[in-house]
Amino acid sequence: VNDEFEQRRHLIGAGLENRELDAMLVVSPASVRYLTGFTGSNGVVLALPGETIFFTDPRYAIQSAREVSCRTQVCKGPLLPDVAAMAARGRIRRLGFERAHLSYDGFDLLRANMPVNASLEPVSGWLEAHRMLKSENEIELIRRSVATNSKAFERAARRVRPGMRERDLAAEIDFRMRRLGAEKPSFETIVAAGERSALPHAHPTGAILKQGQLVLIDMGAFQDGYASDMTRMLFLGEPGARVQRLYRAVLEAQLAAIDAVRPGVTAARVDRAARDVLKAYKLERAFVHSTGHGLGLEIHELPRIGKKDKTPLAAGMAITIEPGVYLEGLGGIRIEDTVVVTRTGCEVLTPTSKELRVV
Ligand code: ZN
Ligand code: ZN
């Protein structure tokens, strides 16, 4: 049993008093996994000052006995009435809950089963703030997920030909990453050809890849629960001067943002570095999203590398750097790596070349 989970539970238990809570209920699957190692879909955690209790249903009795090292209660029906009963027995007066994750139904169910003198206290971002800083072990898992993702890209990109459909290339990518050890893609693989590459979150369609087109591929794997994320561009044929100039601008912006990453620098400052380069190319209005995001047990985690995020970066954060420009009628270009903040700067985990790949 991995005692990293035990340490995390201890930190949450020890943090209750500062938050004026008697207990904390964790329901979001990624945070439940973070605290227990549980990989199933129905489980919640009740963190008390000296003890953590995991609740699940009988379908997960065998699995949770293998994965979860803390006290476990297997519930016959819905989990939350049992959580409320446990809280009542423990004389919990103030029970914290994840306001972004507990459903309204869940809240009602708790309320109805808690003593009248107990209060439910909304908490935001507590577990997420812990998860933002990765341990050595977690960084190793992200590194492996990134390696698998890049290998899958290489194997799929070799097969790209004019006449292929976006959807077939996306299926090829997903197949390759699973064969290489991923559980699944960390989000729906994006393959967008030609003008469709101007849609930053395009779903792959039956559109056929044609000579003279840009192809945007944004892909990520989940391996041992941890996400990777990468965007690369292909060009079918010889790219013209305009595409080459756009590509250079985005690459420069991406490198400038990576260069800005180091402990103490705010997320907003890194975003600014990418934006300043694109501004010099008069492309700042074509950059319609933030520069990146944290990733880990989820594909999107804190911090957000955006204009308004004042979070100072710290060693151990895993983030993406992914500026892009999107021009209606022409297409879009994005370049994305997964990087880890180190004590002196950052390490780019993604090994894949950032040259515009000509097919
Ligand atoms: Zn991506
Ligand atoms: Zn991303």
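Please refer to the structure higher up on the page.
This is a predicted model, so every value here is computed, not measured. (Residues numbered from 1 in each chain as written. Chains lettered and ligands numbered in written order. Predicted model: local features only at pLDDT ≥ 70, side-chain atom pairs only at ≥ 80, totals over all residues. Heavy atoms only, no water.)

**Student:** Quick one: what's the story with the coordination of the zinc ion (ligand 2), residue by residue and with numbers?
**Tutor:** Distances from the zinc ion (ligand 2) to its protein donors, D229 (OD), H293 (NE2), E322 (OE) and E336 (OE), fall within 2.1 Å. One way to put it: the 4 donor atoms around the zinc ion (ligand 2) meet at angles of 79 to 153 degrees, and that makes the site irregular. Each donor residue of the zinc ion (ligand 2) belongs to the same chain, and together they define the spacing D-x63-H-x28-E-x13-E. A residue is classified by how much of its surface remains accessible, and D229, at 4% relative accessible area, is buried. For E322, a relative accessible area of 9% corresponds to the buried category. (Donors = N, O, S within 2.8 Å, 3.2 Å for Na, K, Ca; no water. Tetrahedral: all angles 85-135°; square planar, octahedral: opposite > 155°, others 65-115°. Buried < 20%, exposed > 50% of the residue type's maximum accessible area, 1.4 Å probe, protein only.)

**Student:** Account for the nonpolar core, naming residues and giving values.
**Tutor:** Counting 42 residues, the largest nonpolar core has V270, L313, I319, I321, V325 and I333 as its most contacted members. Of all the elements in the fold, those that place two or more residues in this core are strand 8 (190-193), strand 9 (214-219), strand 12 (230-235), helix 9 (241-260), helix 10 (267-280), strand 15 (318-321), strand 16 (324-327) and strand 18 (337-341). A per-element tally of this core places helix 9 first, with 10 residues. Non-local contacts of I321, meaning those with residues more than four positions away in its chain, are made with Q254, A257, I258, V261, V270, T291, I335, E336, D337 and V339. (Core = buried A, V, L, I, M, F, W, Y, C linked by side-chain atoms within 4.5 Å. Helix = DSSP H or I, 4+ residues; strand = E, 2+ residues; numbered from the N terminus. Contact = heavy atoms within 4.5 Å.)

**Student:** Run through the packing of aromatic side chains, naming residues and quoting values.
**Tutor:** The geometry of an aromatic ring pair is captured by the separation of the ring centres together with the interplanar angle, meaning the angle of the planes. Under the criterion given, the structure shown has 3 aromatic pairs. Members of the aromatic cluster, joined through ring pairs, are F38, F54 and Y60. (Phe/Tyr/Trp six-rings, centres within 6.5 Å; stacked < 30°, edge-to-face > 60°.)

**Student:** Could you give an account of unusual backbone geometry, naming the residues involved and the relevant values?
**Tutor:** The omega torsion across L302 and P303 is -5 degrees, close enough to zero to call that bond cis. By secondary structure assignment, the location of P303 is in strand 14 (residues 301-305). Despite not being glycine, D224 has its phi angle at roughly 50 degrees, a positive value. Note that D224 resides in the loop between strand 10 (221-223) and strand 11 (226-227). Overall, D224 belongs to the partly exposed group, its relative accessible area being 35%. In the Ramachandran plot, K282 falls in the positive-phi region, its phi being about 55 degrees despite a non-glycine side chain. For K282, the location among the structural elements is in the loop between helix 10 and strand 13 (292-294). What makes K282 exposed here is its relative accessible area of 74%.

**Student:** Which residues make up a positive patch on the surface, and what values do they have?
**Tutor:** Together, K151, R155, R158 and R179 make up a region of like positive charge exposed at the surface. Tracing the sequence through the fold places R155 in helix 7 (residues 136-157). (Patch = residues over 30% accessible without salt bridge, like charges linked within 9 Å, V, L, I, M, F, W, Y side chains within 5 Å. Areas by Shrake-Rupley, 256 points an atom, 1.4 Å probe, with all protein chains shown as cover. Salt bridge = Lys/Arg side-chain N within 4 Å of Asp/Glu carboxyl O. Lys, Arg positive; Asp, Glu negative; His and termini not counted. Charge placed at Lys NZ, Arg CZ, Asp CG, Glu CD.)

**Student:** Summarise the sheet that holds strand 20 (residues 357-358); cite the residues concerned and give the values.
**Tutor:** Read across the open sheet, the 4 strands follow the order 8-9-12-20; overall the sheet is mixed. This sheet does not close on itself; its edge strands, each paired only once, are strand 8 and strand 20. Relative to the sheet, helix 7 contacts strand 9, strand 12 and strand 20, its axis offset from that of strand 12 by approximately 15 degrees. Here helix 8 (residues 166-179) sits on the sheet and contacts strand 8 and strand 9; the angle it forms with strand 8, its principal contact strand, is near 150 degrees. (Pairing = 2+ DSSP bridges. Axes fitted to C-alpha atoms, helices over the stretch in contact; angles between N-to-C directions.)

**Student:** Just give me the short version of the pairing of strand 6 (residues 119-123), but keep the residues and values in it.
**Tutor:** Sheet topology note: the strand 5 (residues 94-98)/strand 6 ladder contains 5 bridges and is parallel. Within strand 6, the position partnered with E98 by the bridge is V123. Traced from strand 5 through helix 5 (residues 104-113) to strand 6, the parallel crossover comes out right-handed. (Right-handed = clockwise from strand over helix to strand, strands pointing away.)

**Student:** Would you mind going over the coordination of the zinc ion (ligand 1) in detail, with residue names and values included?
**Tutor:** Geometry sets the ideal angles at a metal, namely 109.5 degrees for four tetrahedral donors and 90 or 180 degrees for six octahedral donors. Those donors, D218 (OD), D218 (OD), D229 (OD) and E336 (OE), are the protein atoms that reach the zinc ion (ligand 1), and they lie 2.1 to 2.6 Å from it. Viewed at the metal, the 4 donor atoms of the zinc ion (ligand 1) are separated by angles of 56 to 149 degrees, and the geometry they form is irregular. Binding-site remark: the zinc ion (ligand 1) is held by donors from one chain whose sequence spacing is D-x10-D-x106-E. Taken as a pair, the zinc ion (ligand 1) and the zinc ion (ligand 2) show a spacing of 3.1 Å, with D229 coordinating each metal.

**Student:** Can you break down the sheet that holds strand 7 (residues 184-185) residue by residue, with the values?
**Tutor:** With antiparallel pairing, 3 strands are arranged side by side in an open sheet as 7-10-11. Each edge of the open sheet carries a strand with a single partner, namely strand 7 and strand 11.

**Student:** Break down the pattern of salt bridges for me, with residues and values.
**Tutor:** Counted under the stated rule, the structure contains 22 salt bridges. Here R144 ties to D224 by a salt bridge, and the two come within 3.2 Å at their closest N and O atoms. Here R144, found in helix 7, pairs with D224, found in the loop between strand 10 and strand 11; they are 80 residues apart in sequence, far enough to count as distant. Where E166 meets R196, a salt bridge forms, and the shortest distance between an N and an O atom there is 3.0 Å. Of the two residues, E166 is situated in helix 8 and R196 in the loop between strand 8 and strand 9; the sequence distance between them amounts to 30 residues. Judged by relative accessible area, R196 falls into the partly exposed class, the value being 22%.

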